[in-house]
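A closer look at the structure
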Amino acid sequence: MEIFDIIVVGGGHAGCEASLAASRMGLNIMMITMDSSVIGKMSCNPSIGGLAKSQLAREVDALGGEMGKNADATAIQFRVLNTKKGSAVRAYRVQSDKYLYAQRMQRIVASQENLTVKNGMVTHLLMDGDKVKGVSLEDGEDCFSKALVITSGTFLNGYIHRGLKGYDGGRDGENASVGLSDALQEMGFRLGRLKTGTPARIDMQTINYEGLLDQPSDVPLRTFSFFPPKERLDHISCHVTYSNFKTHKIVENNLDCSPLFTGKIKGIGPRYCPSFEDKIVRFPERERHQIFLEPESLSTNEVYVNGLSTSLSKEVQLEMIHSIEGLEKAKVLRYGYAVEYDFLFPNQLNPTLETKNIEGLYLAGQVNGTSGYEEAAAQGLVAGINAALKIKKEKPLTLSRDESYIGVLIDDLITKNTEEPYRMFTSAAENRLYLRNDNADMRLTEYGYRVGLIPYAQYCDFLDKKKTLSKELKRLKGLIVRDPKMKALLKGGGEDISQYPVSPELPTISDDLKELVMSEIKYEGYLLRQNKRLEKVKHLDNVKIPKGFSFENLQGLKKEAKEKLAQVLPVNLGQASRIMGVSPADISVLMIHIEKYRKS
């Protein structure tokens, strides 16, 4: 009987990162997926990145993950968002060829040493007391492992809605995962129900592009990966159109057959990426909504109608689409739909993404209540790394809020819990002036090298870059500027400063490094002030709450605080202070009780 080190359930963005990370760390991994032909599939928007999500994707790359490299190698459009704002909130967004993205990821997975892929549906967990020891499949086969990572996406009891008709499925045309939800519930896990959706895909050749806003790819091309591919695909344009009064009226007239408004859909959908009918109801004052027409591949005519996600019937969807400028004669290739699925409330997890009550069981991705490829990949990478480190009996990797968006994501999930699909925003990060796109490698590559995911040659290149950055910052700090034109540019903070020769011995450095130098200089004063504020609260993160510490009978704590603390089981006072319902006064009382506990 073969016993794998780790079994990963699911082959989406979280599953791929978890499987690749653990196998690259030298462990024997099995990935179990219901259909290996859809590993790495971009099931919704064919893009990676966006506001705050961009930082997640770059952090995944800095740690040694695959998402950034895959996005770069299959990109057919690249844009920098928030260019008029500072680099702290600037973001990259790549439109990928969705078929090439999945194909490349499948090749990477198939060729990875120590990684076995198996088709099957997991229905039960095999246990040894309170420790997981494998899984049972629908066909009765048992597979054994020392740890387990579940990355089931939207497939747990998935149910698809289109109009008033519905059917079981994790994605359109793919089966739902049945049985695993019940098994997890029987083991004491609390499950909830969420909803997400997708728009129609239309035929490019039936779109009238005349009069629509053209969005070409940005030049020069950037990359998510700090070690970009040598070859790039051809880049193409996207286009922008808008809904109108007629479109909105069609939706209003058909709300009585919307599963979202007739009560058929019980799951909570994403607040910041609502369905189109939800937009019409929530924002009746809006005369139009922006719609992006995004080609899905260089090899097909499919266009993703971004902004028109809906669960209305096919007939209503067609009427809506034909009411929009440029789409009057559009042919629909695939209609939009909504999908409901089970998730586990994430406050049942430790910071390592291991569950609190089952040893060796890790959860990552949408099963934890998140939305988006980037959030899933980040969790998958952390879960895979930590499962591997546990088996190796090494110190776990826990990223803090002040050093990464991944740390913010995980801390928010396990501390604040979630009642709706979690989406990363820059506003969620207190240290966002430091957590930028341009310095993700400076923040996290050391961790990636430590756990064995950054090859030595790449690590040497990173050290050279770090040395050059330090040397250039030191040179500039010692520079005396006498030129009146340069003084004016510095005073104005213009973006063209880097193009102006400030001294005859100006070194030759890459554009990326030049931007990083500029960011470090521009943000230095702000970061000093921000760090002083963070230091005042950071000491709470250093006050550990003893394992087994009981909150139930603590005098001076409000009843709500006791209940929330007992539910989340924070590992330190900093985490406790971020729990909704726990006040600063409760933290003061808790600190006193912890001191007494340690002395007793």
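Notes on the structure follow. (Residues numbered from 1 in each chain as written. Predicted model: local features only at pLDDT ≥ 70, side-chain atom pairs only at ≥ 80, totals over all residues. Heavy atoms only, no water.)

Some words on the nonpolar core
I6, I48, V135, L148, I150 and I385 are the most contacted members of the largest nonpolar core, which totals 92 residues. In terms of residues, this core owes the most to one element, helix α9 (residues 373-391), which gives 12 residues. Beyond its immediate stretch of four places on either side in the chain, V135 contacts I7, I32, V122, H124, L125, L126, E141, D142, C143 and L148. The next biggest cluster of nonpolar side chains, apart from the first, holds 22 residues, and it includes V305, L308, V316 and I321. (Core = buried A, V, L, I, M, F, W, Y, C linked by side-chain atoms within 4.5 Å. Buried < 20%, exposed > 50% of the residue type's maximum accessible area, 1.4 Å probe, protein only. Helix = DSSP H or I, 4+ residues; strand = E, 2+ residues; numbered from the N terminus. Contact = heavy atoms within 4.5 Å.)

Quick word on the sheet that holds strand β19 (residues 337-344)
Neighbouring strands of a sheet are bound in pairs by backbone hydrogen bonds; such pairs are parallel or else antiparallel. As summarised here, the arrangement of the four strands in space is β11-β10-β19-β12, forming an open sheet in which the pairing is antiparallel. Each edge of the open sheet carries a strand with a single partner, namely β11 (165-168) and β12 (191-198). The mean angle between the axes of side-by-side strands here comes to 25°, regardless of whether they run parallel or antiparallel. As judged from the eight bridges shared by β12 and β19, these two strands associate in the antiparallel manner. Residue pairing for β19: G197 is matched across the bridge by A338. (Pairing = 2+ DSSP bridges. Axes fitted to C-alpha atoms, helices over the stretch in contact; angles between N-to-C directions.)

Here we look at the side chain of Q215
Tracing the backbone through its elements, the reader meets Q215 in strand β14 (residues 213-215). Ignoring any residue separated from it by four or fewer positions in sequence, one finds Q215 in contact with Q77, R79, S237, C238, V240 and F292.

Re the environment of N553
Among the secondary structure elements, N553 is positioned in the loop between α14 (511-541) and α15 (559-568). On the basis of relative accessibility, which here comes to 64%, the residue N553 falls in the exposed class. Distance in space between the C-alpha atoms of N553 and I48 is 48 Å, their sequence separation being 505 residues.

Side note on the pattern of salt bridges
Applying the stated criterion to the full structure yields 38 salt bridges. Close ionic contact of K477 with E524 constitutes a salt bridge, the shortest N to O distance being 3.0 Å. Residue K477 is found in helix α12 (residues 456-477), and its partner E524 is found in helix α14; the two are separated by 47 residues along the sequence. Judged by its relative accessible area of 37%, E524 is partly exposed. One continuous salt-bridge network, built from bridges that share partners, spans R401, D411, D412, K416, E430, D541 and R578. (Salt bridge = Lys/Arg side-chain N within 4 Å of Asp/Glu carboxyl O.)

What to know about the side chain of R201
Tracing the sequence through the fold places R201 in strand β13 (residues 201-203). Here T198 takes part through its side chain, which lies 2.7 Å from a polar atom of the side chain of R201. Polar contacts involving the side chain of R201 include one to the side chain of E296, which spans 3.1 Å. In this structure, R201 is in contact with S43, C44, K98, E296, V303, Y304, K331, V332, L333 and R334, ignoring residues within four places of it in sequence. (Polar contact = N/O pair within 3.5 Å; in protein donor to acceptor, adjacent residues only side chain to side chain.)

Observations concerning unusual backbone geometry
Going from V219 to P220, the amide bond is cis rather than trans, its omega being 0°. Inspection of the secondary structure assignment puts P220 in the loop between β14 and β15 (238-242). A positive phi angle, close to 70°, is found at A52, a residue other than glycine. On the secondary structure map, A52 appears in the loop between β3 (47-49) and α2 (53-62). Classification of A52 as buried rests on a relative accessible area of 1%.

Worth remembering: the numbers are spatial, not functional.
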